[in-house]
Each structure stands twice: as structure tokens, then as C-alpha cells.
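# Structural description and commentary
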Amino acid sequence: MTIETDREDIKRLFAPVAPGIKLRIQALREVHEVGITTQASISPVLPFTPDFPKLLEGIVDRIWIDTLNIGDGSMGKHSERLGMHQLFKAYGLSEWYQKDIHLRVEKYFKKHSLKK
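Report on the accompanying structure. What you see is a predicted model, and the numbers here were worked out from it, not measured in a lab.

Another point: the packing of aromatic side chains. Overall, the coordinates contain 8 aromatic pairs when judged by the stated rule. Between Phe48 and Phe52, the ring centres sit 5.3 Å apart and the planes meet at 50 degrees, which makes this aromatic pair tilted. Assessed through its relative accessible area of 11%, Phe48 is described here as buried. Given the relative accessible area of 0%, Phe52 is considered buried. When the ring of Phe48 is compared with that of Phe109, the centres are 5.7 Å apart and the planes differ by 75 degrees; the resulting orientation is edge-to-face. Of this pair, Phe48 sits in the loop between β1 (39–42) and α3 (52–56) while Phe109 is found in helix α6 (residues 101–112), placing the two residues 61 residues apart along the sequence. Each member of the pair, Phe48 as well as Phe109, carries the same accessibility label: buried. Ring-pair connections join several aromatic residues into one group, and the members of that group are Phe48, Phe52, Trp96, Tyr108 and Phe109.

Written as C-alpha cells, this is what we have:
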């Protein structure tokens with residue numbers, strides 16, 4: 001399941017018609033509880049709170065981290081045509097639109113995960 005962020009305000013900016021975060025978290029929890037392997041796709045990486053890793057802890061077996069550069073199918077060219085960098089910039093979020101954001105988020109999740 002795709003969960004780009006744990007911030008509803010950010011989700012509304014970038015994915016206004018997508019299901020709410022609480023609904024997606026509940027669906028993951030229910031599926032995981034009945035023994036089905038679950039994965040959260042943080043795709044694309046959007047700004048999140050420091051507690052995002054804890055929100056996913058215990059309800060996902062894997063986490064996939066993707067970016068608007070890697071995951072758009074054209075190494076960022078599609079995202080550029082869509083004006084994603086300008087959108088991030090307009091909302092003061094340029095630091096989240098970096099080519100290495102997936103590496104930084106991976107390190108953050110590993111550092112703040114309850115599983116060691």
C-alpha cells in the first residue's frame with residue numbers, strides 16, 4: 001500500500017483524491033493481523049513527522065522508499081514535466097525534492113525503527 005507521508009495536510013497537497021492516511025493505516029493493520037504479508041510504499045517521499053517509522057511499526061513487513069526521480073519511469077523527466085519541483089518549492093518543501101532523499105529516509109527509518 002502506498003503511504004507517501006503520515007501528514008494529512010501534505011497528502012492533501014500532493015494527492016488530494018487519494019484515500020486518507022488513517023484509512024490506509026487501518027487497512028494495513030487489518031491485513032497484517034490476519035497473517036498477510038504487508039508492504040508500505042513511501043512513494044514518492046513526501047514530508048513526514050518524526051513518528052512516521054513508529055506508525056508503520058508492527059503493521060508492515062517491508063517498506064519500499066521511492067522518489068519522484070527514480071519511480072517516475074524516466075529518471076525524473078516525467079516529474080519535471082509535471083512541475084513537481086516547482087510544487088515542492090511553492091510550498092517551501094524543496095529540501096524534500098532531492099535525488100538522494102530515499103537514502104536519507106532509509107537511514108532515518110532504520111535509526112528510528114523499534115526493530116533493531
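With that settled, the discussion passes to a nonpolar patch on the surface. A surface patch of nonpolar side chains, amounting to about 260 Å² of accessible area, comprises Val31, Val34 and Ile36. Counting through the fold element by element, Ile36 comes out in the loop between α2 (21–33) and β1.

Attention now goes to the pattern of salt bridges. Within this structure, the stated rule accounts for 6 salt bridges. For the salt bridge of Arg7 with Asp9, the shortest nitrogen-to-oxygen distance reads 2.7 Å. Of the charged contacts in the structure, one is a salt bridge between Lys11 and Glu8, with a shortest N-O distance of 3.8 Å. Within this pair, Lys11 and its partner Glu8 are both found in helix α1 (residues 8–14), separated by 3 residues, close to a single helical turn. Of the residues examined, Lys11 reaches a relative accessible area of 3% and is grouped as buried.

About the thresholds
Residues numbered from 1 in each chain as written. Predicted model: local features only at pLDDT ≥ 70, side-chain atom pairs only at ≥ 80, totals over all residues. Heavy atoms only, no water. Phe/Tyr/Trp six-rings, centres within 6.5 Å; stacked < 30°, edge-to-face > 60°. Buried < 20%, exposed > 50% of the residue type's maximum accessible area, 1.4 Å probe, protein only. Helix = DSSP H or I, 4+ residues; strand = E, 2+ residues; numbered from the N terminus. Patch = residues over 30% accessible without salt bridge, like charges linked within 9 Å, V, L, I, M, F, W, Y side chains within 5 Å. Areas by Shrake-Rupley, 256 points an atom, 1.4 Å probe, with all protein chains shown as cover. Salt bridge = Lys/Arg side-chain N within 4 Å of Asp/Glu carboxyl O.

Coordinates in, geometry out; function isn't part of it.
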